[in-house]
Amino acid sequence: MAPVIDRPILVVTHGSPSEPAPQEEAVQALAARLNQLMPDTMVRGATLASEGALDQAVRGLDRPIVCPWFMSDGWFVKTYLPKRLKAAGLSDWEATAPMGLMPGVARLMCDRIRLRIATLEWQMAQTTVILAAHGSPSSSRPREATEAAAKALGAQGGFKAVRPCYVDEPPAIRDVVSAVQGHAIVVPFFAVRAGHVTGDLPEELEAAQFAGPVLDPVGTWPETPALALAAITALFGAQCV
């Protein structure tokens, strides 16, 4: 049975101003995967960085449910996204929590890490999880979201340790990774595969001489659309048909 929401869903992510097309294609694919879980509900996707994409996505929508594909409720989600939605012509919408703060994200991460560890024949109690995130020098919100996820993941999993670290603030990824002894696995706590994941993170790991496993960014996992669906139905209700 597929849940039916009688309001359109709009998935919005940041995108890449320097190379907008790949991220726009990625959010469209994400919206399509979510639509597969609820085929009778209209689901659209857009990035903020691709010129005209948000304007086109909101055209004709009535009271959409906005699903911010971000990891925290920082400036982009709290201030910039509402401003852009209004500028695009929306006057009435409701929003879920950003993806990184959705209920169930820690369980999702724990399950994925357990599966990867099993293929390596490692023991969870001997494995450190490196939660690599964006961070921010000007806002505490990204750090708070990452630390909340790390705490919840630690409570879920029985790992040796869960260590958050950041691209844009201390502790730096290379410093945390260099200090870990024994088995370690890196989980990029990012919504999309963009510059920080493809550039900054590999550079930091190379500087730390890390040769262990690195998972895909959390927001790109095939299970995340179901996480979004659960958040939407929990907040706004649904019928099953």
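Residues numbered from 1 in each chain as written. Predicted model: local features only at pLDDT ≥ 70, side-chain atom pairs only at ≥ 80, totals over all residues. Heavy atoms only, no water.

J.: Could you give me a rundown of the overall build of the protein, with the residues and numbers involved?
T.: In terms of regular secondary structure, the protein is built from eight helices and nine strands. Whereas a compact globule of 241 residues would reach a radius of gyration of roughly 18 Å, the protein reaches 18 Å, a difference of no more than 12%. For the protein, the C-alpha atoms occupy an extent of roughly 55 × 40 × 30 Å along the three principal directions. For the protein, the residues scored as buried account for 49% of the 241 residues in total. (Helix = DSSP H or I, 4+ residues; strand = E, 2+ residues; numbered from the N terminus. Rg over C-alpha atoms; globule rule 2.2 N^0.38 Å. Buried < 20%, exposed > 50% of the residue type's maximum accessible area, 1.4 Å probe, protein only.)

J.: I'd like a description of the packing of helix α1 (residues 20–37) against helix α8 (residues 224–236), backed by residues and values.
T.: It is at 9 Å that the axes of α1 and α8 come closest, and there the two elements cross at 60 degrees. In terms of axis orientation, α1 runs oblique to α8. The chirality of how α1 crosses α8 is right-handed. Of the residues in α8, those in contact with L30, R33, L34 and L37 of α1 are P225, A226, L229 and I232. (Axes fitted to C-alpha atoms, helices over the stretch in contact; angles between N-to-C directions. Parallel < 35°, antiparallel > 145°, perpendicular 65-115°, else oblique. Left-handed = near helix turned anticlockwise from the far one by under 90°. Contact = heavy atoms within 4.5 Å.)

J.: An account of the packing of aromatic side chains is needed here, citing residue identities and associated values.
T.: One pass over the structure, following the stated rule, counts four aromatic pairs. On the numbers, 5.1 Å between centres and 75 degrees between planes, the contact of W75 with F76 is edge-to-face. Considering the side-chain rings of F76 and Y80, the 5.6 Å spacing of their centres and the 90 degrees angle between planes classify their relative orientation as edge-to-face. With F76 and Y80 both in helix α3 (residues 75–87), this residue pair falls four residues apart, about one helical turn. Residue F76 is classed as partly exposed on the basis of its relative accessible area of 30%. Taken together, F70, W75, F76 and Y80 form an aromatic cluster joined through their ring pairs. A cation over an aromatic ring shows up here: R112 above the ring of W221, its NZ or CZ 4.7 Å from the ring centre. (Phe/Tyr/Trp six-rings, centres within 6.5 Å; stacked < 30°, edge-to-face > 60°. Lys NZ or Arg CZ within 6 Å of the ring centre and 35° of its normal.)

J.: I'd like a description of the sheet that holds strand β8 (residues 183–188), backed by residues and values.
T.: Spatial strand order, β7-β6-β8: three strands in an open sheet with parallel pairing. Two strands bound the open sheet, and with one partner strand each, they are β7 (161–166) and β8. Taking each pair of neighbouring strands and ignoring which way they run, the sheet shows an average axis angle of 25 degrees. Sheet topology places strand β6 (residues 127–133) next to β8; six bridges connect them, and they run parallel. Directly across from T127, in β8, lies its bridge partner H183. (Pairing = 2+ DSSP bridges.)

J.: Account for the packing of helix α4 (residues 105–120) against helix α5 (residues 141–157), naming residues and giving values.
T.: Remark: α4 packs on α5, axes separated minimally by 9 Å, with the N-to-C direction vectors making an angle of 55 degrees. In terms of their interaxial angle, α4 and α5 are classed as oblique. Handedness of the crossing formed by α4 with α5: right-handed. Contacts from A106, R107, M109, C110, I113 and R114 of α4 reach α5 at A149, A152, L153, Q156 and G157. Here the contact of α4 with α5 is composed, by residue class, of seven nonpolar, two polar and two charged. (Nonpolar A, V, L, I, M, F, W, Y, C, P; charged D, E, K, R; others polar.)

J.: Break down the pairing of strand β3 (residues 43–47) for me, with residues and values.
T.: When you tally the buried positions in β3, you get four out of five residues, the bulk of the element. Pairing geometry for strand β2 (residues 9–13) and β3, over five bridges, is parallel. Paired with V12 across the two strands is A46, which belongs to β3.

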